[in-house]
Amino acid sequence: MHWPPCTLGSRLPGVLHRTLCSIFGFLLGVLPSLRVQAAGANPTLLVNADHRTSISLNGDWHVIVDPYNNGYYDFRMQPRADGYFRNEKPDSSGKLVEYDFSKSPTLKVPGDWNSQSDSLFFYEGTIWYEKDFQYQRKPHTRTFLHIGAANYDSHAWVNGKKACDHEGGYTPFDCEVTDLVHEGGNFLVIYVNNQRTREGVPTLNTDWWNYGGLTRDVSLIETPEVFVDDYSVQLQQGSSSAISAWIHVSGGAGGVPVTLNISELHLTATSSTDANGRAALELSTKDLVRWSPQNPKLYEVEILAGGDHLKDQIGFRTIEVQGENILLNGKPIFLRGVSIHAEAPYRGGRAWNEQDAETLLGWAKELGANFVRLAHYPHDERMTRLADRMGMMVWSEVPVYWMIDWENPKTLANATQQLRELIRRDRNKASVALWSVANETPNTAARLAFLKKLINTARTEDPTRPVTAALLVTTLPDAPNGTRTKVLDDPLGEYLDVLGCNEYIGWYEGTPELASRTKWQSNYNKPLIMSEYGGDAKAGLHGAPSERWTEEYQENIYRQQIAMLKQIPFLRGLSPWILMDFRSPRRDLPGIQDYYNRKGLISNEGQKKKAFFVLQEWYLQSAVTH
Ligand code: GCU
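Some details on the pattern of salt bridges
Applying the stated criterion to the full structure yields 44 salt bridges. Among the salt bridges present, the one from Asp 312 reaches Arg 385, with a minimum N-O distance of 2.9 Å. Here Asp 312 is found in strand β17 (residues 308–314), whereas its partner Arg 385 is found in helix α3 (residues 381–390), with 73 residues between them in sequence. Per residue, the accessibility class of Asp 312 equals that of Arg 385, and both read buried. Across the salt bridge formed by Glu 509 and Arg 484, the nearest N and O atoms sit 2.7 Å from each other. With Glu 509 in the loop between β28 (498–502) and β29 (518–522) and Arg 484 in strand β27 (residues 484–488), this residue pair connects regions lying 25 residues apart in the sequence. One salt-bridge network, in which partners are shared between bridges, spans Asp 50, Asp 312, Glu 381, Arg 385, Arg 425, Asp 426 and Lys 429.

Below, the structure written as structure tokens:
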């Protein structure tokens, strides 16, 4: 299959067909990106950044909306020497300067731009952000610009000098600016472009709003010259008492002394780094309370290395797969879940703050869930921190969604980088149970090759967690008695630990009642999580159970689905689509959707629909029995 899939196929001879398609494809979506060339340093990633000393740069930032990238390219499309990153302004010198951040409007950071201004609601392009800040340099200190996330392609300059570049809209990155910051007044300019591209991750088509901007915290973080840039402190697989840890120190040669303390357990271990800056440590105790949804116990873990001193809150638990079972702390668990998009309840826009996290996970808890699928991209770190505290297990995902450019090595490198950044940020979160590498991707050889590499990356970066993906399923022709059989036979299943499957019986396929005559088979002796099912309902719209868009129709879907799901012998969890209505540019039905996907069990204004209570009833019952 080639991109874009077109309907010309059979009617035109091969060569003509391919030529026409590529021209069509080119016109459709791959106009040469007017993006800034990446010339800056590769960003690093400071783990546990939210526990480090930092200077917040959140607040109002001056912005220039620049659909033509005039701030970077001249009329010949050549990079300008005096681009907006220089932050000049007209003055008495008479030099022609046609912009002035200090007189330009402002936008809130963190925050997407689309929900902050009606004129930017549909905007996909470039916006330049500028922020002035005071800074005091300190001896033996390194300074990093920390960006929680910037959607999608971003480039940062400090005092007119390039700091770093980053691609990917949902993971954090840190740019070293030690040599760029001045004593006293400084300015920071960040270019952000959220144009969708063919080679991007995600790519041209998604069913969620492409909120652009500096969507998460921005701050300056200070570290000693030798500091901890990554670590893992986890319970050993199959153990209830042995903790294995490694700590990576940056800026130090070998031999840096490292200490790990868990004072509540009276545990201390010391070691020193090898030539690669890594130190391994083992601790063991009989007094450990293992983390679980019923008892989300977190311990304060203290790390000292060189001059660096870090504290983190970590829960200790094991998560494994055995045949068709998912084992938490050695015992089978059923994941009563729901899917969530990072859409801010009530106000709309990209969710990022503590309140958003508390509202969304609070509703999931109220539903009786012990599990959430954070779709289809890494959510703000506040979500996984809160999930740790609340005892909510998490399916965490990278946006390898639908029709990615499978044969493009740049696309694979980008997806790999996003996965690495995600794992690095959340590897010590007890709540995070699964890494997901893809959603509803086509069964092609190129896709399989791409995803096998991504799965290997996940296993290399973190051998302690199962890997999954949301697959589509094969439907066999109906039997004479009308029974429909679904078979999990996607070749990708062979390389996954846990199978995810999206099905929409009763919405995109047949009526809700079809579920009652649908049987499920699997070619794999592996656990299944039904990662999506559901249907749209406009909150407050009522009618017959057979009437689409009504709460009764959605309720009927859930009743029929639950009866079917209970019959699937290898089902070990589910995350129906979806907890709350969310914005999507693909949902245009006036008076019903109005650019919202209405498959939420709760509306974006917090109204619980009838289906919420149907699922809650099952979950609260099974919470008692499981
Ligand atoms: C898909 C997809 C979701 C989408 C949902 C829907 O399965 O994974 O991103 O929103 O279906 O159609 O509502």
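Digging into the state of the cysteines
A covalent bond between the sulfur atoms of two cysteines is what we call a disulfide. Tallied over the entire structure, the rule returns one disulfide. In this model Cys 164 forms its disulfide with Cys 175; the gap between the sulfur atoms is 1.9 Å. Of the two residues, Cys 164 sits in strand β7 (residues 161–167) while Cys 175 sits in strand β8 (residues 173–176), which places them 11 residues apart along the sequence. Assigned by exposure class, Cys 164 and Cys 175 land together as buried.

With respect to the site of the ligand
Among the 14 residues in the neighbourhood of the ligand, the closest are listed as Asp 207, Tyr 401, Glu 440, Tyr 508 and Glu 532. The contact in question runs from an oxygen atom of the ligand to an N or O atom on the side chain of Asn 597, over 2.8 Å. For the ligand, whose unbound accessible area comes to 320 Å², protein coverage reaches 97%. Split into classes, the residues belonging to the shell around the ligand amount to five nonpolar, four polar and five charged.

Quick word on unusual backbone geometry
In this structure, the amide linkage connecting Val 109 to the following residue, Pro 110, adopts the cis form with an omega of -5 degrees. For Pro 110, the position within the fold is in the loop between β3 (106–109) and β4 (126–135). Between Val 201 and the following residue, Pro 202, the backbone shows a cis peptide bond with an omega angle of 0 degrees. Its place among the elements puts Pro 202 in the loop between β9 (184–193) and β10 (218–224). The phi dihedral of Asp 594 is positive, around 50 degrees, even though this residue is not glycine. In this structure, Asp 594 sits in the loop between β32 (582–583) and β33 (596–597). On the basis of relative accessible area, Asp 594 is assigned to the partly exposed category, the value being 38%.

Quick look at the confidence of the model for the protein
This prediction gives the protein a mean pLDDT of 94; 93% of its residues lie at or above 70. In this model residues 1–12 is a low-confidence stretch, pLDDT under 50, and it forms 19 contacts with partners more than four residues away in sequence or in other chains. Of the regions scoring below 50 in pLDDT, residues 21–33 engages in 12 contacts with residues more than four places distant in sequence or in other chains.

Regarding the environment of Thr 273
With respect to the helices and strands, the residue Thr 273 is situated in the loop between β14 (267–272) and β15 (278–284). For Thr 273, a relative accessible area of 5% gives the class buried. Separated by 46 residues in sequence, Thr 273 and Phe 227 have C-alpha atoms that sit 12 Å apart. Those residues in contact with Thr 273, other than ones at most four positions away along the chain, are Val 249, Ala 253, Gly 254, Gly 255, Val 256, Val 258, Arg 278 and Ala 279. Within polar-contact distance, the side chain of Thr 273 engages the backbone nitrogen of Val 256 at 2.9 Å.

Thoughts on the side chain of Glu 302
Along the polypeptide, Glu 302 turns up in strand β16 (residues 299–305). No salt bridge is formed by the buried Glu 302; the nearest opposite charge belongs to Lys 311, separated by 4.7 Å. Engagement of the side chain of Glu 302 in a polar contact is seen with the side chain of His 309, the distance being 2.7 Å. In this structure, Glu 302 is in contact with Thr 259, Leu 260, Asn 261, His 309, Leu 310 and Lys 311, ignoring residues within four places of it in sequence.

Comments concerning empty space enclosed by the protein
Inspection of the entire model under this criterion finds five cavities of 30 Å³ or more. The space that makes up the largest cavity amounts to roughly 100 Å³. Forming the walls of the largest cavity are 14 residues, and the residues nearest its centre are Tyr 152, Arg 196, Pro 202, Thr 203 and Asn 210. Of the residues contributing to the lining of the largest cavity, the split by class is five nonpolar, eight polar and one charged.

Details of the pairing of β10
Extensive coverage of β10 is indicated by the burial of six of its seven residues. Sheet topology note: the strand β1 (residues 54–56)/β10 ladder contains three bridges and is antiparallel. Bridge assignment links Ser 54 to a residue of β10, and that residue is Ile 221. Bridging between strand β5 (residues 141–147) and β10 involves seven bridges; their strand directions are antiparallel. From the neighbouring strand, Thr 141 faces β10, where its bridge partner is Pro 224.

Reading the values: the criteria
Residues numbered from 1 in each chain as written. Predicted model: local features only at pLDDT ≥ 70, side-chain atom pairs only at ≥ 80, totals over all residues. Heavy atoms only, no water. Salt bridge = Lys/Arg side-chain N within 4 Å of Asp/Glu carboxyl O. Helix = DSSP H or I, 4+ residues; strand = E, 2+ residues; numbered from the N terminus. Buried < 20%, exposed > 50% of the residue type's maximum accessible area, 1.4 Å probe, protein only. Disulfide = S-S within 2.5 Å. Near = heavy atom within 4 Å. Polar contact = N/O pair within 3.5 Å; in protein donor to acceptor, adjacent residues only side chain to side chain. Areas by Shrake-Rupley, 256 points an atom, 1.4 Å probe, with all protein chains shown as cover. Nonpolar A, V, L, I, M, F, W, Y, C, P; charged D, E, K, R; others polar. pLDDT = per-residue confidence, 0-100. Contact = heavy atoms within 4.5 Å. Lys, Arg positive; Asp, Glu negative; His and termini not counted. 1 Å grid on protein atoms, 1.4 Å probe; cavity = no way out; pocket = protein on both sides within 12 Å on 5 of 7 lines; lining within 4 Å. Points joined across faces, edges and corners; volume = space filled by probe spheres on them. Pairing = 2+ DSSP bridges.

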